[in-house]
Amino acid sequence: MKQLLNMQQKLDLLKNLGRPVIRDYIPLVFKDFIEFHGDRYYSDDPAIISGICLLNGIPVTVISQVRAKDIEGLQKINFSMPHPEGYRKTLRLAKQAEKFRRPVVLFIDTPGAYCGVGAEERGQGEAIARNLHEFMMLKTPVISIVLGEGGSGGALALGVCDKLAMLENALYSVISPKGFASILWKDGSREREAAELMKITAEDLLNFGVCDKIIEEPEGGAAKDVALTAKNISMWLEETVNNLTKEDYNALPEKRYQKFRKIGVFTE
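Computed from a prediction, not measured in an experiment: that's the story for all the values here.

Engineer: Just to check I follow, could you spell out unusual backbone geometry for this structure?
Structural biologist: Glycine aside, a negative phi is what most residues show, and trans is what most peptide bonds show. Positive phi, close to 65 degrees, is recorded for Arg40, a residue that is not glycine. Note that Arg40 resides in the loop between β1 (31-36) and β2 (48-55). In this structure, Lys199 takes a positive phi of about 55 degrees despite not being glycine. Overall, Lys199 belongs to the partly exposed group, its relative accessible area being 41%.

Engineer: Explain the pattern of salt bridges to me, please; I cannot follow it from the model alone.
Structural biologist: If the charged atoms of two oppositely charged side chains come close together, the side chains can form a pair. In total, this model carries 17 salt bridges according to the counting rule given. Put simply, Arg67 and Glu149 hold a salt bridge, and the shortest N to O gap is 3.1 Å. Of this pair, Arg67 sits in the loop between β3 (58-65) and α3 (71-76) while Glu149 sits in strand β5 (residues 142-151); the two residues are 82 residues apart in sequence, bridging distant segments of the chain. Pair check on accessibility: Arg67 and Glu149 agree, each one buried.

Engineer: Hey, could you run me through the nonpolar core in this one?
Structural biologist: Nonpolar side chains tend to gather and get buried jointly when the protein is soluble and globular. Phe30, Phe107, Phe135, Ile145, Tyr172, Ile233 and Leu237 are the most contacted members of the largest nonpolar core, which totals 61 residues. Of the residues forming this core, the biggest block, six residues, is contributed by helix α11 (residues 226-244). With residues up to four places along the chain from it excluded, the contact list for Ile145 reads Leu106, Phe107, Ile108, Ala165, Ile215, Ile233, Trp236 and Leu237.

Analysis parameters
- Residues numbered from 1 in each chain as written.
- Predicted model: local features only at pLDDT ≥ 70, side-chain atom pairs only at ≥ 80, totals over all residues.
- Heavy atoms only, no water.
- Helix = DSSP H or I, 4+ residues; strand = E, 2+ residues; numbered from the N terminus.
- Buried < 20%, exposed > 50% of the residue type's maximum accessible area, 1.4 Å probe, protein only.
- Salt bridge = Lys/Arg side-chain N within 4 Å of Asp/Glu carboxyl O.
- Core = buried A, V, L, I, M, F, W, Y, C linked by side-chain atoms within 4.5 Å.
- Contact = heavy atoms within 4.5 Å.

Functional significance is not addressed by these values, which are geometric in nature.
The following block contains the structure:
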């Protein structure tokens, strides 16, 4: 029987540079990936990779936040914190997918959007807000998977979708646990305590109706068997894409809207 990890173990796993990243998964899940660059406004953001490829023979658009496995790689992608041009690139590719009726597959893996002066000057908040608005109205299937840490609005900008899955040890929230602890207690070292209170694990979010599927990882985490993790991702994606492509694309925005309206509803 597989041993489940506690919160501290999950946090350690997600911060480990050996955890698989999107560039590990793309060649195992998809075929003939062609990367697209640039937002057509300012520049290209290496913190987000995007392109078109085949999923079991079906053309799809893949967009993902990027992680790296060493300090040099992390510096090149701004430590996985996208700039506004990354979110505008995301929206450009999504609109292209809608035009050609391609499903959009989004992978979430970021501690949050970059909050530096330059990013704010170029409209970081507006770029994220526009993604939230436009993805809600997109007339093509949208599927999101949380690979690791999904933190803050930087993650939510890729989280407006028809179906959301999370890897077994992933976390997903409107703020990172460290940010939560820093604001609430002025002490970022209380990250684990904050994460426990926030209820942001895959199991928590499945129970809340935020997450639709937990994708199993090997015992000890995805790094123990990347090929198996990729196979599990591929199986769920193929089934979900096949189901969603049978839907009336014009009706998808209303269904997506109703899905999100239910989140947070409770009775006493």
